[in-house]
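One letter stands for each residue in the lines below.
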Amino acid sequence: MSRQVVVVGSLNADHVVDVQSLPLPGDTVLGRRRSETIFGGKGANQAAAAASFGGPTAGVSMVGHVGDDEIGREMTGALAALGVDVTGVGVVEGPSGRATIVLDPDGQNLILVEAGANALLTPRDVETQQVAEAVAVLVQMETPPETVAAALRRASGVRVLNPAPAAGAMSVLGLADVVVPNRTELAILADASAARTHEEAVAQVRSLGLAAAVVVTLGADGALVVEHGADPVLVPASPVDVVDTTGAGDCFCGVLSLELARGRSLRNACGAAVRAASLSVTGAGARGRLPVPSDFASFPSRDREAPC
Ligand code: ATP
Ligand code: RIB
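A brief structural summary. Here the structure is a predicted model, which is why all the values come from computation and not from measurement. Note on numbering: residues in each chain are counted from 1, in written sequence order. Written order determines the labels here, with chains lettered from A and ligands numbered from 1. Under the rules for a predicted model, residues below a pLDDT of 70 receive no local features and side-chain atom pairs below 80 are neither given nor counted, while totals for whole chains, interfaces and linings still include all residues. The basis for every side-chain value is the complete set of heavy atoms in the structure, and neither hydrogens nor water enter the calculation.

**A word on the environment of serine 278**
Next up, step 1: Here a helix means four or more residues in a row that DSSP labels H or I, a strand means two or more in a row labelled E, and each is numbered from the N terminus. Checked against the element boundaries, serine 278 lands in helix 9 (residues 266–280).
Next up, step 2: Of the residues examined, serine 278 reaches a relative accessible area of 9% and is grouped as buried.
Next up, step 3: In this structure, the C-alpha to C-alpha distance between serine 278 and proline 236, residues 42 residues apart in sequence, is 10 Å. With a 1.4 Å probe rolled over the protein chains alone, any residue whose accessible area is under 20% of its type maximum counts as buried; one over 50% counts as exposed, and the rest are partly exposed.

**A look at unusual backbone geometry**
Next up, step 1: Residue proline 165 follows alanine 164 across a cis peptide bond; omega there is -5°.
Next up, step 2: Residue placement: proline 165 occurs in the loop between strand 10 (158–161) and strand 11 (178–179).
Next up, step 3: A positive phi angle, near 55°, is found at aspartate 191, a position not held by glycine.
Next up, step 4: Examined against the element boundaries, aspartate 191 turns out to sit in the loop between helix 6 (183–190) and helix 7 (198–208).

**A look at the site of ligand 1**
Next up, step 1: Any residue with a non-hydrogen atom lying within 4 Å of a molecule or strand is treated as near it. In the vicinity of ligand 1 there are 21 residues, among which Asn182, Thr217, Gly222, Thr245 and Gly247 approach most closely.
Next up, step 2: Any pair of nitrogen or oxygen atoms within 3.5 Å is treated as a polar contact; in protein, a donor-acceptor pairing is required on top of that, and neighbouring residues in sequence qualify only through side-chain atoms on both sides. Here an oxygen atom of ligand 1 and a side-chain polar atom of threonine 217 are 2.8 Å apart.
Next up, step 3: In the environment of ligand 1, an oxygen atom lies 2.8 Å from a nitrogen or oxygen atom belonging to the backbone of glycine 247.
Next up, step 4: Protein burial of ligand 1: of its 630 Å² of free accessible surface, 85% is covered by the chains.
Next up, step 5: Looking at the shell around ligand 1, the elements that each hand over two or more residues are helix 8 (248–261) and helix 9.
Next up, step 6: When grouped by side-chain class, the residues that make up the shell around ligand 1 number ten nonpolar, eleven polar and no charged. For the area figures, the Shrake-Rupley method with a 1.4 Å probe applies, and any residue is considered shielded solely by the protein chains shown. Each residue receives one of three labels: charged for Asp, Glu, Lys and Arg, nonpolar for Ala, Val, Leu, Ile, Met, Phe, Trp, Tyr, Cys and Pro, and polar for the others, Gly being one of them.

**Thoughts on the pattern of salt bridges**
Opposite charge on two side chains permits them to pair, given that their charged atoms come into close proximity.
Next up, step 1: By salt bridge we mean one thing: a side-chain nitrogen of Lys or Arg within 4 Å of a carboxyl oxygen of Asp or Glu. Summed over the entire model, instances satisfying the criterion amount to seven salt bridges.
Next up, step 2: Put simply, glutamate 259 and arginine 262 hold a salt bridge, and the shortest N to O gap is 2.8 Å.
Next up, step 3: Under the relative-accessibility criterion, glutamate 259 is labelled buried at 5%.
Next up, step 4: A relative accessible area of 36% places arginine 262 in the partly exposed class.
Next up, step 5: The residue arginine 264 makes a salt bridge to glutamate 259 at a minimum N-O spacing of 3.1 Å.
Next up, step 6: Taken together, the shared-partner salt bridges connect Glu259, Arg262 and Arg264 into one network.

**Some words on the site of ligand 2**
Next up, step 1: In the neighbourhood of ligand 2, 13 residues make up the surrounding shell, with Asp14, Gly41, Lys42, Glu142 and Asp250 lying closest.
Next up, step 2: The separation between an oxygen atom of ligand 2 and a polar side-chain atom of asparagine 12 is 3.1 Å.
Next up, step 3: Contact with the protein chains covers 97% of the free accessible surface of ligand 2, which is 280 Å².
Next up, step 4: Elements that contribute at least two residues to the shell around ligand 2 include exactly strand 2 (12–18), helix 1 (42–54) and strand 7 (97–103).
Next up, step 5: Across the shell around ligand 2, the residue classes break down as four nonpolar, five polar and four charged.

**Details of the packing of helix 8 against helix 9**
Next up, step 1: Across the interface, helix 8 lies against helix 9 with an axial gap of 8 Å and an inter-helix angle of 145°. Crossing of helix 8 over helix 9 shows right-handed handedness. Along the contact surface, helix 8 presents Ala248, Cys251, Phe252, Val255, Leu256, Glu259 and Leu260, while helix 9 presents Leu266, Ala269, Cys270, Ala272, Ala273, Val274, Ala276, Ala277 and Ser280.
Next up, step 2: Considering only residue class, the contact of helix 8 with helix 9 consists of 14 nonpolar, one polar and one charged. Axes here mean lines fitted to C-alpha atoms, for a helix over just the part in contact, with angles spanning 0 to 180 degrees between N-to-C directions. It is the rotation of the near helix from the far one that decides the hand of a crossing: anticlockwise by less than a right angle makes it left-handed, clockwise makes it right-handed. The contact criterion used is simple: two residues touch if any of their non-hydrogen atoms lie within 4.5 Å.

**Remarks on helix 1**
Next up, step 1: Here helix 1 is 13 residues long and its end C-alpha atoms lie 18 Å apart, about the 18 Å a rise of 1.5 Å per residue gives.
Next up, step 2: Along helix 1, 13 of the 13 residues are buried, which leaves the element largely enclosed by surrounding structure.
Next up, step 3: Positive phi appears at glycine 55, one or two residues downstream of helix 1, with a value of about 80°. Multiplying 1.5 Å by the helix residue count minus one yields the expected span of that helix.

Given below as structure tokens:
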């Protein structure tokens, strides 16, 4: 299989707790129900989205670690069932990564992650031919920063960094070709408060002084594309009935990386990523609605890009 996209990152078992309103510091809130365990992890969600959108010949591979437990085997099997090459998913002693996701009725969330096996992914695990030869390598920050750095250094294709969570991402920002933060992550990286306007977001991007192109995901507003030598552009999202926004950014990053690996321009790739991610929030769970290209036939595009 040709290795179009290699995702280096986390696999987590997600426990979702529905609440009436998200807790504030010091709060105790009662869950309305506790769901069964579902598959998550930013890396695995991104690989799943890319493989689903790209179909069986997409050439998506996952590099990561699970624990020596049942859920680890299930998570790996679920990716394989989507056509993801999981030969780079190792099994290590101890528990798999876990996340507790607190979800309110508007589909907004808070996420707590226990890294488990993800914390044991080392630079050696990613200094492979698989990573070196990928057309695009996609990383996030749920594995150790030195491992993320090693993967980006090893890559010769397009290097896409989703700096999530943003703490610790500063040291690797300069190694990527495309950086994809959401509004909150951008504010953390820029040491500012969350941008209230698109102009403020562009100013925060510029303040980072990166050589990379930056795509800021803006939830219902879509995504802002800031490239050198071009005016910033907003790729708007279409209105949808939101069920759960968990994993929207992951869907975005997976589809974006696949489209870049296929040779699309950053702006065109963002168009597909915005549409796929907007559809993804209409399903429950981090992979509640994985994108397939035929979805687009019935989903209106708001491809009216707007300068900022
Ligand atoms: P996550 O909840 O996984 O942390 P995120 O904060 O990383 O998501 P967002 O910026 O919220 O990512 O959203 C990513 C993309 O998902 C957006 O660019 C958009 O395409 C889509 N999206 C998210 N929320 C909505 C919404 N309410 N309506 C339409 N599209 C949405
Ligand atoms: O982005 C959503 C993901 O973040 C969840 O699946 C959870 O596992 C955490 O990694």
